[in-house]
Amino acid sequence: MLQTLTSGRKERGDFIMKLYNTLTKKKEEFVPLEDGKVSMYVCGPTVYNLIHIGNARPMIVFDTVRRYLEYKGYDVNYVSNFTDVDDKIIAKAQEEGIPAEEVAKRYIAECKKDMEGMNVRPATTHPLATEEIPGMLDMIGTLIEKGSAYVAEDGTVYYRTRSFPEYGKLSGKNIDDLEAGHRDIQVTGDLKEDPLDFVLWKPKKEGEPYWESPWSDGRPGWHIECSVMAKKYLGDEIDIHAGGEDLIFPHHENEIAQSEAANDETFAKYWMHNAFLNINNKKMSKSEGNFFTVRDISEKYDLQVLRFFMLSAHYRSPLNFSADLMEAAKSGLERIVTAAENLRHLKQHAKDGEMTKEENALFAESDQYVEKFEASMDDDFNTADAIAAIFELVKFCNTHASAEHTKAFLEALLSRLTTLCDVLGIITEREEEILDADIEALIAERQAARKEKNFARADEIRDELAAKGIQLKDTREGVTWKRV
Ligand code: AMP
Ligand code: ZN
């Protein structure tokens, strides 16, 4: 496990970790279903465009939750889907005159690039809705058999919402006050028994992708996808189900109704939801058009800055995106990286040998920052306070790290700092940036190579730059480039 000796972390059992459960509307002690193991499902994006930084918030937040659980010694099975069949994907495919799966494939690849830039680790499994259709047919079949769902005349399958007595338990909505959700209702409501009923399977329209089913050639509704993928990869009962707070209703409410009716088990023990990332105090969203993509941000900042900015607020507080806050995140991050680089530099020239008695005592003084960090994270993943503890540790390092110390002492401090940063997914090593001047020089060399018809060298230079994230574009006016 992670640096048990130098980080000062306690073993599981010595602490109480609390998290806010949307289901009970309380902070609760976290006790997993199986000792030492955590199963976690996070609803992933619909892939029809580059992700925006609002979508990045749950990715960063729940990746951090996963990292902290692992730091505490849990074995985490983390599943996050891509919704790769959806009206918006189909619309985009029709616009471009290409198959829907091509659109999905392209944006899954782009999303993975953004995740890597933000240091969001790949999930244990990233299932795709389109690859899980047999499981969906099974679960829908079970729901029909149990009387929880019915087939309408046109081959649509609806969930019989009122058949689930606990409907509304997550969102706190009263079934009689409810209007049906909007996201999945593409088919006219006329064939429903009740306006609250929602779609499990819908017949295809001309030109849409479809799968055969006993009810109609068609495709699944959005909610059933997650119920089925969670069941297949994590089991009938899972520890944590998470997503943005807009998913509480209807998406997660409907997932509970489907899964619990089909499996006769409590679906998820803990439900976690992040608050919105806003811009001018309004939710950032594609439909409002008030968004920045992660890619936009990456043109101006290292995506580590975006990650640090997201974690500077508690995940259940709304966070307003602003240039000022990004600049503050940039300088905060810089302070941490500089302290770590300084330790690395000092230790290169430091004397060998064990830590002295004084150094041991000094190092023990820094235990308090680890304790503060852990206490903050144990309190519903309060990353804002955890970052404050890291800053205190940074100050301690800057005060006490000097050339007189042993390598062992400097290493222990560095390890302590990087371990805590790693829990937040913050990389403390400065990336070697390729300078603009070097790029220009390589481009000039490539032009010269092309003139001499040395295309092999020209391609080699293009590839070398691409590997460093530099994209070239040949235009009539010459070669332009950008960092991607
Ligand atoms: P979508 O692609 O719209 O299904 O969203 C993917 C994930 O991003 C879901 O967990 C949403 O709740 C979340 N999300 C979308 N917009 C925002 C936002 N502005 N702030 C925080 N989370 C968001
Ligand atoms: Zn979902």
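The residue numbering used here restarts from 1 in each chain and proceeds along that chain's sequence as written. Chain labels run from A onward and ligand labels from 1 onward, assigned in the order the entries are written. The model is predicted, so local features are restricted to residues of pLDDT at least 70 and side-chain atom pairs to those at 80 or more, both for listing and for counting; the totals for chains, interfaces and linings are taken over all residues. Excluded from the side-chain calculation are hydrogens and water; included are all heavy atoms of the structure.

## Topic: the nonpolar core
Grouped together as the largest cluster of nonpolar side chains are 96 residues, with contacts concentrated most on L69, M118, L306 and F373. Secondary structure elements are taken from DSSP: a helix is a run of H or I of four residues or more, a strand is a run of E of two residues or more, and numbering for both begins at the N terminus. Of the residues forming this core, the biggest block, 10 residues, is contributed by helix α2 (residues 53-71). Contacts of L306, omitting those with residues within four sequence positions, involve I53, M118, V294, I297 and M326. As used here, the term nonpolar core means buried Ala, Val, Leu, Ile, Met, Phe, Trp, Tyr and Cys residues forming a set that is joined through side-chain atoms within 4.5 Å. The buried label goes to any residue with under 20% of its type's maximum accessible area, the exposed label to any with over 50%, and the partly exposed label to all in between, with areas taken from a 1.4 Å probe on protein chains only. Membership of the second largest hydrophobic core comes to 41 residues, among which are V228, A262, A268 and W271. Contact between two residues is taken to exist if any of their heavy atoms lie within 4.5 Å; hydrogens are not considered.

## A word on the site of ligand 1
In the region of ligand 1, 18 residues are neighbours, and G54, G244, D246, L277 and M284 sit closest. Any pair of nitrogen or oxygen atoms within 3.5 Å is treated as a polar contact; in protein, a donor-acceptor pairing is required on top of that, and neighbouring residues in sequence qualify only through side-chain atoms on both sides. Within the backbone of T46, one N or O atom sits 3.2 Å away from an oxygen atom of ligand 1. The side chain of N55 places a nitrogen or oxygen atom 3.3 Å from an oxygen atom of ligand 1. We get accessible surface area from the Shrake-Rupley algorithm with a probe of 1.4 Å; when it comes to residues, only the shown protein chains can shield them. Here ligand 1 has 490 Å² of accessible area as a free molecule, and 92% of this is covered by the chains. Elements represented by at least two residues in the shell around ligand 1 include exactly α2 and β9 (238-244). Per-element accounting of the shell around ligand 1 gives the leading share, three residues, to α2. The residue classification treats Ala, Val, Leu, Ile, Met, Phe, Trp, Tyr, Cys and Pro as nonpolar and Asp, Glu, Lys and Arg as charged. All others, Gly included, are polar. Along the lines of polarity and charge, the residues of the shell around ligand 1 split into eight nonpolar, seven polar and three charged. Near residues are defined by distance, with any heavy atom within 4 Å of the molecule or strand qualifying the residue.

## With respect to the side chain of N274
You can see N274 is positioned in strand β10 (residues 268-274). Classification of N274 by relative accessible area gives buried; the value is 3%. Here the side chain of N274 touches G244 through a polar contact of 3.3 Å, landing on its backbone nitrogen.

In short, geometric facts, not functional conclusions.
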